[in-house]
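# Coordinates in review
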Amino acid sequence: MITHIKNFIGRARRGASSESGFSMLPAMTAVFVGSLISMGAWTAAHGDLNLQQQDRYSKRAYAAAQSGMTDYVQHLSTDSSYWSYCDNPPNGGDPGSVNDTDIGSGLHPKRRWLPASSDESLAYQYTIDLLPVSGRLSCKSSSNRTDTMIDQSTGTFRVRVTGRSGQTIPNTATINPNPANPGSFVAKTAASIEQWRQLRWKRRSIVIDFRRRGFLDFAYLTDQEGMDPTLQSDPAWAGANCNVHYRDGRSYWNGQSGRKECSEIQFGSSDWIKGPFHTNDSINAVSGAKFGNPGKSDRIEISADTCPVRNQYHSGCGSNLATYYGTVVTGANAPELTLPEANEDLAIFGEPANGGYTYYGATKIILKSNVMDVYNNGSWTYNVTYPTSGVIYVAKKVGCTSFDANNNYHFPVNCGSVEIEGTYNIPLTIAAENDIVVTDDVIAAASSPDAVMGLIANEFVRVRHYISGDSAGNITNTTSCTNSGSKRVNEIDAAILALQHSFTVDNYRCGSGLGTLTIKGGLTQKYRGAVGTSGGNTGYLKDYQYDYRLRYLTPPYFLTPSLSGWRISRYREQTPPCSCTGG
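These lines cover the structure that appears in this document, whether it is placed above or below. Owing to the predicted nature of the structure, the values given are computational and were not obtained by experimental measurement.

## Side note on the environment of Gly-536
Turning to its location among the elements, Gly-536 is positioned in the loop between strand E31 (513–525) and strand E32 (539–546). Accessibility expressed as a relative area gives 16% for Gly-536, which makes it buried. Taking the C-alpha atoms as reference, Gly-536 lies 8.3 Å from Thr-516; in sequence the two are 20 residues apart.

## Here we look at the state of the cysteines
On inspection of all chains with the given rule, the structure shows 4 disulfides. Residue pairing for Cys-86: its cysteine sulfur links by disulfide to Cys-139, the two sulfurs lying 1.9 Å apart. Judged by the torsion about the S-S bond (-80°), the Cys-86/Cys-139 disulfide is left-handed. Taken together, the positions of Cys-86 in the loop between helix H2 (24–78) and strand E1 (98–99) and Cys-139 in the loop between strand E2 (124–131) and helix H3 (145–149) put the pair 53 residues apart, joining distant regions of the chain. On the basis of relative accessible area, Cys-86 is assigned to the buried category, the value being 3%. Taking the relative accessible area as the measure of exposure, Cys-139 reaches 0% and is therefore buried. Here Cys-578 connects covalently by a disulfide to Cys-580, the sulfurs 2.3 Å from one another. Disulfide Cys-578-Cys-580: torsion about the S-S bond near 130°, hence right-handed. Residue Cys-580 is classed as buried on the basis of its relative accessible area of 1%.

## Description of the sheet that holds strand E6 (residues 202–211)
With respect to topology, 5 strands assemble into an open sheet ordered E1-E2-E3-E6-E33, the strand pairing being mixed. Among the strands making up the open sheet, the edge pair consists of E1 and strand E33 (567–574). Along the sheet face, helix H4 (residues 190–200) touches E2, strand E3 (157–165) and E6 and points at about 100° away from the line of E3.

## Considering the pairing of strand E29 (residues 495–498)
Walk down a regular strand and you will see the side chains alternate between the two sheet faces. Burial along E29 is two-sided: Ala-495 and Leu-497 facing one way and Ile-496 and Ala-498 facing the other are all buried. In the sheet, strand E24 (residues 453–457) pairs with E29 via 4 bridges, with the strands oriented parallel. Across the sheet, Ile-456 pairs through a bridge with Leu-497, a residue of E29. In this structure, E29 lies alongside E31, joined through 4 bridges in parallel fashion. What sits directly across from Leu-497, in E31, is Thr-524.

Calculation notes
Residues numbered from 1 in each chain as written. Predicted model: local features only at pLDDT ≥ 70, side-chain atom pairs only at ≥ 80, totals over all residues. Heavy atoms only, no water. Helix = DSSP H or I, 4+ residues; strand = E, 2+ residues; numbered from the N terminus. Buried < 20%, exposed > 50% of the residue type's maximum accessible area, 1.4 Å probe, protein only. Disulfide = S-S within 2.5 Å. Pairing = 2+ DSSP bridges. Contact = heavy atoms within 4.5 Å. Axes fitted to C-alpha atoms, helices over the stretch in contact; angles between N-to-C directions.

Put into structure tokens, the structure is as follows:
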């Protein structure tokens, strides 16, 4: 074999050294093929480089879109009403990169990008588009922004964030914005720079759905379903033995004579929680109790994983006899919602420097549509305009004594407690360092569709129930007292939150039945608070109706953003991305 190879090489050398023209053809072919291989390698290398650049620009565009998403979330965290401003924040606020769908109109002639388009060295930008609900042309097409932006069936709203990235603008007097036309060099202007980015840069778009999951999502929410220890016959014992969830050993009689027990409040046969429901505990419900609203797809969430619903007061799980309209979820599928310990964060927004009002000591407020009368520090001030921040905070002075359920007419002047009644027509939050006491109906004006109220007490939210025959207001004496007074609370339109205690009716075991107490909003409390006795013999029957506007309308600074602010319920990439013209 080696001999044959040597002979072949020898013949090739002799042929190459002869003057025959045919001897050059193989050599020329070899050179040509080699050139093609070299050119192919060069092209492939540069093609890979271009693909790598395009991939890098695409990834950078997606990162820019994520930056825009973070930008919008931060604005919502600071102000949960940010979505309702469309692309025109109040008080001359900076709209950033937010765009309504009226781009090109006289109100909005140019698309907004961040960072600003005037910077020629930019490598990426993002822009945010508001996406109105079906049938609406823009966020601003109606003065009622909930009609234009909020999906009424889900309580969500949507925005689209588009990022773009590519080659920076050349440092030359002229540029070629259009890669499809190599000869189209034009002067470098703001318009040609925008054209460069529009035609040459990669784009990626993300569509985001915002929704809340927090205390305002529920018609009714409790941490513990046992009665507030402060309202039980032996508060000291109850505080030591009853301050746990049922699953963790809340103490019951269980047939043992002489043993103390924790008071339990049932959902009775006439009780109906008309809206979404949540408890971190288990519930005690008898036949006839109802939860949820027909046709609303409400969630009934019970965090207990064993014995979530029972009909036995003293022992055992018993049967689940309640009626549910919606979906019942328990255990891990209904994670606990933890109440904050205090509403002190709201005090900041109640400061006059931040547009709020702060009062010290016992206060009375009578709401009168767009003004209010305020009693504080021994005198009345009439026709006070509402605070621009929407927050009224009532703080305690030195020397405040604790609430005494057996002497609840006593209203310590140094405590940060407020009595409230009347009609309001703008969003308001009233917070108290101690108690909030509702003395007559609190009603949202029908002419103000965006008016929602928050009532947030560190301790109790109470309904005033006036009695006679027992001057001390002693709730343990149920035989000698009768209802009195010209006022009776029938309706409260508010999102109610009692952080450390509960919502209750003063003297609920005293006098004859008071009829039905209607709450239109939501109720959140640390413990169950009593509003009446079985069958409405004393106190009230309950009619708790969820205000479905609370899915998207928030009382001003109702809670810290991490608890009640808008959250991303889902996001996905839009393909193809937004063309995002109008720059």
